[in-house]
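Here is what each chain is made of, one letter per residue.
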Amino acid sequence: MSENNLLSSIFRKEVLAMSAYKVADATGLIKLDAMENPYSWPEGIKRDWLETLKDCPLNRYPDPEAKQLTATIKRLNQIPEQFDVLLGNGSDEIIQILLMALPANASVLAPDPGFVMYKQLSLCLGLTYHGIPLLAGSFDLDLPAMLEAIEQHQPSVIFLAYPNNPTGNLFSEASIREIIKAAKGLVIIDEAYAPFADASFIDSLGQYDNLLVMRTVSKLGLAGLRLGYIAGKPDIIEQLHKIRLPYNINSLTQISADFALSNKALFDQQTQNICAERSIVFNRLNALNGITAYPSSANFILFKTPENRANEIFASIKQQGVLIKNLSAQGGLLADCLRVTVGKPEENAAFLAALTRSLVTP
Ligand SMILES: *Cc1c(COP(=O)(O)O)cnc(C)c1O
């Protein structure tokens, strides 16, 4: 049996057709491609953190329910007592758990452009995925198109990233409420960028039976820990717990996240710095000839380059030592678009200088 026959006789066709999620190598580059918080911790806090890890019993399995961390997360996010929370190894894992719980013929719906894992994981699990185009210009939800797609496809799950990645905007709250009301399935409000946005649906959990709110500590400044969470009605969360692997949150993550989140003031300060830099970068981008930056409620900015120049500009910026994200190959509303994560002031200055030089026609 040839190797190809072996693969196709074993693996699902969806898997064979997929390509792995590729992460660019940032060695030696200023890293502004992945929405990470650029700041580290003061020495004193690092010392206290290591102290909390010292007696962690690595010979034992972690607490399968991560009780202490779950309580901390509920408290800090002001999640009302009557809702339950499921933790995931990143919110990526929660998306996977949710989708694994659906029947084989289920469909999943999200706006397009949107977060790539919704589609990637749906297709990987053999589900039907529908991406509904956002409005050109505003990147807001096309409410009539969304409602029609809901009616037509009866999706089991709808994902709405709030703010949206990669566009950075908050969708209209009224449109989201219409969608939650029209949906017969679950609506997941993905608040990965909540620390940078002045809006949330956590307070609305009690108003809708089919609403869940998902968050992560990654963009806040703890991407290395891999921790996400989702809050919703206990009867829904209970089903997800059945699919979750017993020890999905390791001991080091449980202890470290609980410690880090107890230093809320530190993250609040870092978040404020990032938001202040966001408006500086936004204004400087829009002052550049040929560049259109889109308003962002997240820690990154999407911007459009002159027609058919995105690849060349991306490469030139990288050549000058700064890694951002090239989205232009996705086409559609993202044609000619690049995305930059807001970094430290000196990193943003290096990015803007590199972009400015790259715009000068060779
Ligand atoms: C980054 C991101 C996530 C994934 O976060 P992790 O917790 O690191 O897995 C989820 N949703 C959106 C919209 C994101 O941008």
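Every value quoted in this text rests on a predicted model; they were computed, and no experiment measured them.

Chemist: Please provide a residue-by-residue account of the sheet that holds strand S5 (residues 157-161), values included.
Modeler: Strand order in the open sheet formed by 7 strands is S2-S8-S7-S6-S5-S3-S4, and the pairing between neighbours is mixed. Each having just a single partner strand, strand S2 (84-88) and strand S4 (128-133) make up the two edges of the open sheet. Strand-to-strand, the axes of this sheet are offset by a mean angle of 20 degrees, without reference to chain direction. Strand direction decides the pairing type here: strand S6 (residues 186-190) and strand S7 (residues 211-216), joined by 4 bridges, are parallel. The partner of Val187 across the bridge, within S7, is Leu211. Along the sheet, helix H6 (residues 116-124) makes contact with strand S3 (107-112), S4, S5 and S6, crossing S4 at roughly 155 degrees. Contacting S3, S4 and S5, helix H7 (residues 143-153) crosses the sheet at an angle of about 170 degrees to S3.

Chemist: Please set out the pattern of salt bridges residue by residue, giving values where relevant.
Modeler: It is possible for side chains of opposite charge to pair when their charged atoms get near one another. Following the criterion strictly, the structure yields 14 salt bridges and no others. Two residues, Glu191 and Arg215, come together in a salt bridge whose shortest N-O distance is 2.9 Å. With Glu191 in the loop between S6 and S7 and Arg215 in strand S7, this pair connects stretches of sequence that are 24 residues apart. Because the salt bridges share partners, they merge into one network encompassing Lys31, Asp33 and Glu36.

Chemist: Pulling in residues and values, what's your account of unusual backbone geometry?
Modeler: Between Tyr162 and Pro163 the backbone carries a cis peptide bond, its omega angle lying at 0 degrees. Relative to the helices and strands, Pro163 resides in the loop between S5 and helix H8 (173-182).

Chemist: Lay out the sheet that holds strand S13 (residues 337-341) with the relevant residues and their values.
Modeler: Strand order in the open sheet made by the 4 strands is S9-S10-S13-S12, with antiparallel pairing throughout. The open sheet terminates on both sides in strands that have one partner only, identified here as strand S9 (292-293) and strand S12 (325-326). Here S12 runs beside S13; their pairing, made up of 2 bridges, is antiparallel. Counterpart to Lys325 in the pairing with S13 is Arg339.

Chemist: I'd like to hear about the site of the ligand, residue by residue, with values.
Modeler: Neighbouring the ligand are 13 residues; Asp190, Tyr193, Thr216, Ser218 and Lys219 lie closest to it. Between the ligand and Asn165, the relevant distance is 2.9 Å, taken from an oxygen atom to a side-chain nitrogen or oxygen of the residue. Asp190 is positioned with one of its side-chain polar atoms (N or O) 2.5 Å from a nitrogen atom of the ligand. Protein chains bury 94% of the 390 Å² of accessible surface belonging to the ligand in isolation. Those elements giving two or more residues to the shell around the ligand turn out to be helix H5 (91-100) and helix H9 (218-222). Of the residues belonging to the shell around the ligand, the class tally is 4 nonpolar, 5 polar and 4 charged.

Here is what the cut-offs are and how they apply
- Residues numbered from 1 in each chain as written.
- Predicted model: local features only at pLDDT ≥ 70, side-chain atom pairs only at ≥ 80, totals over all residues.
- Heavy atoms only, no water.
- Pairing = 2+ DSSP bridges.
- Helix = DSSP H or I, 4+ residues; strand = E, 2+ residues; numbered from the N terminus.
- Axes fitted to C-alpha atoms, helices over the stretch in contact; angles between N-to-C directions.
- Contact = heavy atoms within 4.5 Å.
- Salt bridge = Lys/Arg side-chain N within 4 Å of Asp/Glu carboxyl O.
- Near = heavy atom within 4 Å.
- Polar contact = N/O pair within 3.5 Å; in protein donor to acceptor, adjacent residues only side chain to side chain.
- Areas by Shrake-Rupley, 256 points an atom, 1.4 Å probe, with all protein chains shown as cover.
- Nonpolar A, V, L, I, M, F, W, Y, C, P; charged D, E, K, R; others polar.

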